[in-house]
Amino acid sequence: MAGAVGKKTGIIIGTVMLAASLILTGCGDEQAEQPGKTAVKAMKVIKQDTPVSYAYPGQLKGTDEVQVHARVSGSIVEKYFQGGSEVHAGQPLYRLDSRQYESAVLEAEASLHKAQATLRNAQEDLERDEMLWAKKAVSEQTLTSQRAQVSEYQAEVESEQAAVRKAQENLDDTVVYAPMDGRLSVDDVAVGTYATAGSTKLVTLGSIDPIYAQFSISETEYLNLLAKAMEKGGDPNESDEPVPKVKITLSNGQVYPLEGDIIAADKGFSDNSGSLTIRALFPNPYGTMLSGMFVRVGLVGVTQKDAILVPQRAVQQLLDESFVLVVGEDGKSVSKKVELGEKVGSYYIVKKGVTTEDTVIVDGLTNLQSGRELDVTMVTAEEMGFSLNESADIVDKS
């Protein structure tokens, strides 16, 4: 009986082991099967002239900005404005204590009157001596001396007249006037302050309409701006190519609605930074743009000739490097390292890494690696919704 039970148990164990072996064999066969092709969408790399926008950090500056100083020294006794207000050329700003200058005018006038009286007496003596000389009643030496005396007193009168004018000018300068139209700063000095002629800053006055935006560009970007004129062999200053317009984005992200024009560039590149300082002029009719504000200045209308474009969604980032997957000649995915330029709408400009012969994968990239067999569907930019239109973000060259 025991032998029969053992025999039966051996049969059961053998059956289980056979079943397990079949299951494992089936799993191995399943794992050995090659996966199917990966479905992707792809499109050809684009090459065309492409409008590019650049942006740079900049600062607003008044077209004219001066520090107002008094021409004479004295204590300020009156102020005719409020800090931050707008003024017009010739409008009085301050009045200094004028008493010493009034006294100086009176003193100069008294000295002038005395010199004029002395001159009149000398002229009368000269007339008498000339009459006597005609009658041979005085010597020639006496007549010559009297003439010299009159000339001396005449010069003294002229000197005293200049002193009167100077004293009157000093008196007039005790009132300080605005030298131009503009807006005043709020760091003006108070009544009672002693102002030293030519050194004490009373207030700063600046013109804010129009207003400058000042920024710097690199040598390469400068040459790109002149590229078309240089290719034609013409004078860049007389090129018929449109000059790029300039836009301003404020620090709160709002775009200033009025465009500006580049009007001036520095005489050369900075030795320290290798950049060229540019000035653009903007209308500021409502005075909302203030000198000293920091802005982002965007150049609009720059065209990069024969730019190589790939969609942004085709680019993969790994650490500090960028890659795209392209369709290889054998129908498998191939990874290519690329050097990216500016963003333009839905695209990147690629400086190097791909050519117009490449077909980049734009959809189905999730977990896709180099060397996988592909089931490729060719698509167009329109079908994918790609566009060169400017987005809200422009290239930040800071």
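Computed from a predicted model, the values in this text were never measured in an experiment.

Chemist: Help me out: how do you make sense of the packing of helix H2 (residues 99-134) against helix H3 (residues 140-172) in this one?
Modeler: Think of two packed helices as two axes; the pair is described by the angle between the axes and how far apart they sit. For the pair H2 and H3, interaxial distance at closest approach is 8 Å and the crossing angle is 160°. As judged from the angle between their axes, H2 and H3 are roughly antiparallel. The two elements H2 and H3 meet at a crossing, and its hand is left-handed.

Chemist: How should the environment of lysine 37 be read in this particular structure?
Modeler: Secondary-structure assignment places lysine 37 in the loop between helix H1 (2-32) and strand S1 (38-44). Taking relative accessible area as the criterion, lysine 37 reaches 58% and is therefore assigned exposed. Each C-alpha atom of the pair lysine 37 and leucine 374 lies 5.0 Å from the other, and the pair is 337 residues apart in sequence. Apart from the residues within four sequence positions on either side, lysine 37 is in contact with Glu373, Leu374 and Asp375.

Chemist: I'm lost on the side chain of threonine 50 in this one. Help?
Modeler: Relative to the helices and strands, threonine 50 is located in strand S2 (residues 46-69). Among the polar contacts made by the side chain of threonine 50, one reaches the main-chain carbonyl oxygen of glutamine 48 at a distance of 3.0 Å. In contact with threonine 50, not counting residues within four places along its chain, are Val302, Thr303, Gln304, Ala307, Leu309, Val344 and Leu388.

Chemist: Just to check I follow, could you spell out the pattern of salt bridges for this structure?
Modeler: In the structure shown here, the tally under the stated rule is twelve salt bridges. Here aspartate 173 and arginine 71 are joined by a salt bridge, their closest N and O atoms 4.0 Å apart. Taken together, the positions of aspartate 173 in the loop between H3 and strand S6 (175-177) and arginine 71 in the loop between S2 and strand S3 (74-79) put the pair 102 residues apart, joining distant regions of the chain. Classification of arginine 71 as exposed rests on a relative accessible area of 68%. Between aspartate 97 and arginine 99 there is a salt bridge, and its shortest N-O distance comes to 2.8 Å.

Chemist: I would appreciate a short explanation of the confidence of the model for the protein chain in the present structure.
Modeler: Any segment with low pLDDT has predicted coordinates that should not be analysed in fine detail. For the protein chain, per-residue confidence averages 81 on the pLDDT scale, and 83% of positions sit at 70 or higher. Every residue in residues 228-236 is under pLDDT 50, and counting partners more than four places away or in other chains gives ten contacts. For residues 391-398, every residue scores under 50 in pLDDT, and the model assigns this stretch 18 contacts once sequence neighbours within four places are set aside.

Chemist: Explain H3 here, please?
Modeler: Each full turn of the α-helix corresponds to 3.6 residues, which orients residues three or four apart in the same direction. An ideal rise of 1.5 Å per residue puts 48 Å on 33 residues; H3 measures up with 48 Å between its terminal C-alpha atoms. For H3, the set of buried residues is Leu143, Gln146, Val150, Tyr153, Val157, Glu160, Val164, Ala167, Asn170 and Leu171. The inward-facing, buried residues of H3 contact H2.

What counts, and at which threshold
Numbers given to residues run from 1 along each chain, matching the order in which its sequence is written. In keeping with the model being predicted, local features are shown solely for residues with a pLDDT of at least 70 and side-chain atom pairs are shown and tallied solely at 80 or more, while totals for entire chains, interfaces and linings include all residues. For side-chain calculations, the full set of non-hydrogen atoms in the structure is used, while hydrogens and water are omitted. Lines fitted to C-alpha atoms define the axes, with helix axes restricted to the stretch in contact, and inter-axis angles between N-to-C directions lie between 0 and 180 degrees. The way it works is that DSSP assigns letters per residue, a run of H or I at least four long becomes a helix, a run of E at least two long becomes a strand, and they are numbered from the N terminus. Angles are sorted into four bins: roughly parallel if under 35 degrees, roughly antiparallel if over 145, roughly perpendicular if 65 to 115, and oblique for all others. In this scheme, a crossing is called left-handed if the near helix is turned counterclockwise away from the far one by less than a right angle; it is called right-handed if the turn is clockwise. Classification of residues uses two cut-offs on accessible area relative to the type maximum, computed with a 1.4 Å probe and protein chains only: under 20% is buried, over 50% is exposed, and between them is partly exposed. Any pair of residues with heavy atoms lying within 4.5 Å of one another is described as a contacting pair. Whenever two N or O atoms come within 3.5 Å, that pair is a polar contact, provided that in protein one can donate a hydrogen and the other can accept it, and provided that, for residues adjacent in sequence, both atoms are side-chain atoms. Within this document, salt bridges are pairs made up of a side-chain nitrogen of Lys or Arg and a carboxyl oxygen of Asp or Glu, the two lying within 4 Å of each other. Per residue, pLDDT captures the predictor's confidence, and it can take any value from 0 to 100. Between the first and last residue of a helix there are one fewer steps than residues, each counted as 1.5 Å, and that sum is the expected span.

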